[in-house]
Amino acid sequence: MTREIHHFIKGQSQTGTSGRWADIYNPNTGEVQARVQLATKEELSNAVAIAKEAQIGWAATNPQRRARVLFKFKALLEEHMQELAELLASEHGKVVEDAKGDVQRGLEVIEFACGIPHLLKGEFTEGAGPGIDVYSMRQPLGVAAGITPFNFPAMIPMWMFGVAIACGNSFILKPSEKDPSVPVRLAELMREAGLPDGVLNVVHGDKEAVDGILTHPDIKAVSFVGSSDIAHYVYSTGTAHGKRVQAMGGAKNHGIILPDADIDQVVKDLVGAAYGSAGERCMALPVAVPVGDETAERLIAKLKPAMENLKPGLSSDPEAAYGPVVTQAHKEKIEHYIQMGVDEGADLLVDGRGFSLQGYEKGFFIGPSLFDNVTPNMRSYQEEIFGPVLQIVRAKDLEEAASLPSNHQYGNGVAIFTRNGLAAREFASKVNVGMVGVNVPIPVPVAYHTFGGWKRSAFGDVNQHGPEGVRFYTKVKTVTQRWPSGDVGDQSFIIPTMQ
Ligand code: NAD
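What counts and how
Residues numbered from 1 in each chain as written. Predicted model: local features only at pLDDT ≥ 70, side-chain atom pairs only at ≥ 80, totals over all residues. Heavy atoms only, no water. Helix = DSSP H or I, 4+ residues; strand = E, 2+ residues; numbered from the N terminus. Rg over C-alpha atoms; globule rule 2.2 N^0.38 Å. Buried < 20%, exposed > 50% of the residue type's maximum accessible area, 1.4 Å probe, protein only. Contact = heavy atoms within 4.5 Å. Areas by Shrake-Rupley, 256 points an atom, 1.4 Å probe, with all protein chains shown as cover. Lys, Arg positive; Asp, Glu negative; His and termini not counted. Charge placed at Lys NZ, Arg CZ, Asp CG, Glu CD. Expected span 1.5 Å × (residues − 1). Polar contact = N/O pair within 3.5 Å; in protein donor to acceptor, adjacent residues only side chain to side chain. Pairing = 2+ DSSP bridges. Axes fitted to C-alpha atoms, helices over the stretch in contact; angles between N-to-C directions. Left-handed = near helix turned anticlockwise from the far one by under 90°. Nonpolar A, V, L, I, M, F, W, Y, C, P; charged D, E, K, R; others polar. Domains from an automatic or database assignment. Buried area = accessible area lost by both parts, 1.4 Å probe.

### Describing the overall build of the protein
Working step 1: The number of helices and strands found in the protein is 16 helices and 23 strands.
Working step 2: In terms of overall size, the protein behaves like a compact globule, its C-alpha atoms giving a radius of gyration of 25 Å where 499 residues would be expected to give roughly 23 Å.
Working step 3: Based on the C-alpha atoms only, the size of the protein along its principal axes is roughly 85 × 60 × 40 Å.
Working step 4: Among the 499 residues that make up the protein, the fraction classed as buried is 56%.
Working step 5: In the protein, 73% of the contacts between residues at least 6 apart in sequence involve partners at least 24 apart.
Working step 6: Here the protein has roughly 20,600 Å² of accessible surface; of this, 51% comes from carbon and sulfur atoms.
Working step 7: Charge centroids of the protein, computed over 47 positive and 58 negative side chains, lie 5 Å from each other.

Structural data, given as structure tokens:
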């Protein structure tokens, strides 16, 4: 019988009633390995009621005790790392080592959130007026919700619930319906770590559950990560219903290569950043911009042989460069974009289509592809492919190169490779993109900084995790207090600004 994945509500597995399911594939074999329930609005609403009730006690639990749960959770993540990575790889398709990185990156946000007693300390002014003190405090919002994509089923849920729960909120997680098992395991481990029932709930679903979240009056904040059209929909619908919303979208990150860059290092970095995890990363580097034809020729001369060693394989194979992509539909979408690039006149130097792994012919594998002479007017350049495809766009100088990421509809990450500090500094300052790497191909900020792109890569004003995450999941209250001495009736109240 097909394995079934149920909701996790009030500390336990809960069978849904909708009768609607989504298939979960094993991307290595192409077979359906499980199915997941898709919630109705009513089921979502019931989970929100439970989260709302649980939040009262959780918010009243002091921050140090809340942090202790997270410390235990972190230890459990380390203990279960192998199991989580294997489960993740079996549904997503990324190789197990990469899956460990997914868990590890989330764990680092939990480590950050363990510092919540310090992070929640407010501000205090003694003597703002005669006998008057002013202080501010950060209070939780109530019930928050997270809607997450398939490509980081461990890290992205932890970006969200780690900080939200540390701040004293309860949480509804609606993970991707393509790889929902790890999010459920994370919720189980949070319970094992001592989290009270109802504080973290996992409700599986599709648009119906998402719409339930976006319109529910008791959900105060929504964090979303996924593709840009849906991110925009989530942002506009959620804010129209009075919610605080952060909605991260798609990406098309550029790597600018100046003539003085260390080309051997660039090739190593590009191979990892463009093809690692089959290119299914929002911080992948799918566009290389060599400055000058000579730089382009040197790059291609070293990149092509390096790609010959780039062999996709089973997600359980430690020798595999990367695993299969998540679904057959996604594989076809990538192949469609490769054909589009050919039709638009770009030069396909290496064609990854038609790759097949012996014994796993129905798996969703796709080889690495490399395009040269891609131009900004091509649709295959303008849109996100989200697969193992690297596009080279040649630029005549740094100004032209820098204008490409700055003018692109997406603005998640960008990298510059050079030995020229001044050029890099100016580029980092001026480029119209949210996260910049200088000789760093995937500039994902560490957990105690903050993650977020610009333009159509993020809707909303507040980033994920780091101090911005704490701001997102709390509201500020400011208190002006006076403790008069003597006869209260004799003292007139003086607001500081009136004197
Ligand atoms: P997706 O947009 O298809 O799905 C994301 C979430 O939205 C899922 O939980 C899904 O169930 C839900 N959803 C899907 N269709 C919906 C609809 N019509 N209405 C309401 N909800 C809907 O994204 P994906 O394919 O799972 O993930 C890949 C995308 O996520 C890529 O575009 C990638 O760049 C992006 N991403 C962005 C970041 C970032 O931080 N900017 C990080 C990771 C992934």
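### Side note on the environment of V393
Working step 1: For V393, the location among the structural elements is in the loop between β17 (389–392) and α14 (398–407).
Working step 2: Through-space distance from the C-alpha of V393 to that of M307 is 18 Å; in sequence the pair is 86 residues apart.
Working step 3: Excluding its chain neighbours within four sequence positions, the residues that come into contact with V393 are V287, A288, V289, P290, V374, P376, Y381 and L404.

### Considerations on helix α2 (residues 63–79)
Working step 1: A rise of 1.5 Å per residue sets the reference length of α2, with its 17 residues, at 24 Å; its end C-alpha atoms lie 24 Å apart and thus fit the reference within 8%.
Working step 2: Residues of α2 that are buried include every one of R66, A67, V69, L70, F73, K74, L76 and L77, and no others.
Working step 3: Check the buried side of α2 and you find it contacts α1 (41–60), α3 (81–92), α4 (96–113), α5 (116–119), α6 (155–166) and α7 (181–192).
Working step 4: With a side-chain oxygen lying 3.0 Å from the backbone nitrogen of Q64, the N-terminal cap of α2 falls on N62.

### Some thoughts on the sheet that holds strand β19 (residues 413–417)
Working step 1: Overall, mixed pairing links the seven strands, which are arranged β15-β16-β17-β14-β13-β19-β20 in an open sheet. In this open sheet, the two edge strands, each paired with only one partner strand, are β15 (347–350) and β20 (435–438). Taking the axes of each pair of neighbouring strands and ignoring which way they run, one obtains an average angle of 20° across the sheet.
Working step 2: Of the pairings in the sheet, the one linking β19 to β20 comprises four bridges and is parallel in character. Each bridged residue has a counterpart across the sheet, and for V414 the counterpart in β20 is V436.

### Concerning the packing of α3 against α4
Working step 1: One way to put it is that α3 packs onto α4 with a least axis distance of 8 Å and a crossing angle of 115°. Judged by the sense of rotation from one axis to the other, the crossing of α3 with α4 is right-handed. Packed against α3, whose contacting residues are M81, Q82, L84, A85, E86, L88 and A89, the element α4 presents V96, A99, K100, D102, V103, Q104 and L107 at the interface.
Working step 2: Partitioned by chemical class, the residues of the contact of α3 with α4 number nine nonpolar, two polar and three charged.

### Some remarks on the domain arrangement of the protein
Working step 1: Once the domains are mapped, the protein shows domain 1 (3–249 + 457–478) and domain 2 (254–438).
Working step 2: Residue-level contacts link 20 residues of domain 1 with 25 residues of domain 2.
Working step 3: Summed over both sides, the interface between domain 1 and domain 2 buries roughly 1,800 Å², with carbon and sulfur atoms accounting for 58% of that surface.
Working step 4: Of all residues in domain 1, N28, V95 and S457 bury the most surface against domain 2, accounting for 30% of the area lost on that side.

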